[in-house]
Amino acid sequence: MAAIIISIASSIISGMVLFFLQRFFKRKAKKDEERDAAKAKENILILKSIDAVGKLTYANAIAIRDGKTNGEMHEAMESYNESKEEMYEYLLEQNSHK
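No experiment lies behind these values; they were computed from the predicted model shown.

(A) Representation of a negative patch on the surface. A cluster of acidic residues, Glu72, Glu75, Glu78, Glu82, Glu85 and Glu89, forms a negative patch on the protein surface. In this structure, Glu85 sits in helix 2 (residues 71-97).

Structure follows, in structure tokens:
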């Protein structure tokens, strides 16, 4: 009789341990996916910012070479402002999650 009770108790305990381990790993996987998605978005925004700075630098070099500003400078400044606003919004969003 005692052997039956011990085997039932061990089955219940091992089932509970497996259930809690599974729940822990599912939560961890979900957090990892969220963190990876945030990092991917951050990398995209960084690349956009680098591109915008590159456009601005190129337009500035042309303006210095020709001695006048042109449409390229205006486009580069707009691109820079857009990427700056996107990065700012992203940083606000990330800080609100903490």
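Right, picking up where we left off after that structure.
(B) Structural view of the packing of aromatic side chains. Applying the stated criterion to the full structure yields two aromatic pairs. Ring centres of Phe19 and Phe20 lie 5.4 Å apart, and the angle between their planes is 65 degrees; this geometry places the pair in the edge-to-face category. Residue Phe19 is classed as partly exposed on the basis of its relative accessible area of 47%. Ring centres of Phe24 and Phe25 lie 5.3 Å apart, and the angle between their planes is 65 degrees; on these two criteria the pair is classed as edge-to-face.

(C) Representation of the packing of helix 1 (residues 2-66) against helix 2 within the structure. Relative orientation of the contacting elements helix 1 and helix 2 amounts to 155 degrees, with a least axis distance of 8 Å. Relative to helix 2, helix 1 is oriented roughly antiparallel. For the pair helix 1 and helix 2, the crossing hand works out as left-handed. For the contact of helix 1 with helix 2, a count of residues per class yields 16 nonpolar, five polar and eight charged.

Conventions and cut-offs
- Residues numbered from 1 in each chain as written.
- Predicted model: local features only at pLDDT ≥ 70, side-chain atom pairs only at ≥ 80, totals over all residues.
- Heavy atoms only, no water.
- Patch = residues over 30% accessible without salt bridge, like charges linked within 9 Å, V, L, I, M, F, W, Y side chains within 5 Å.
- Areas by Shrake-Rupley, 256 points an atom, 1.4 Å probe, with all protein chains shown as cover.
- Salt bridge = Lys/Arg side-chain N within 4 Å of Asp/Glu carboxyl O.
- Lys, Arg positive; Asp, Glu negative; His and termini not counted.
- Charge placed at Lys NZ, Arg CZ, Asp CG, Glu CD.
- Helix = DSSP H or I, 4+ residues; strand = E, 2+ residues; numbered from the N terminus.
- Phe/Tyr/Trp six-rings, centres within 6.5 Å; stacked < 30°, edge-to-face > 60°.
- Buried < 20%, exposed > 50% of the residue type's maximum accessible area, 1.4 Å probe, protein only.
- Axes fitted to C-alpha atoms, helices over the stretch in contact; angles between N-to-C directions.
- Parallel < 35°, antiparallel > 145°, perpendicular 65-115°, else oblique.
- Left-handed = near helix turned anticlockwise from the far one by under 90°.
- Nonpolar A, V, L, I, M, F, W, Y, C, P; charged D, E, K, R; others polar.

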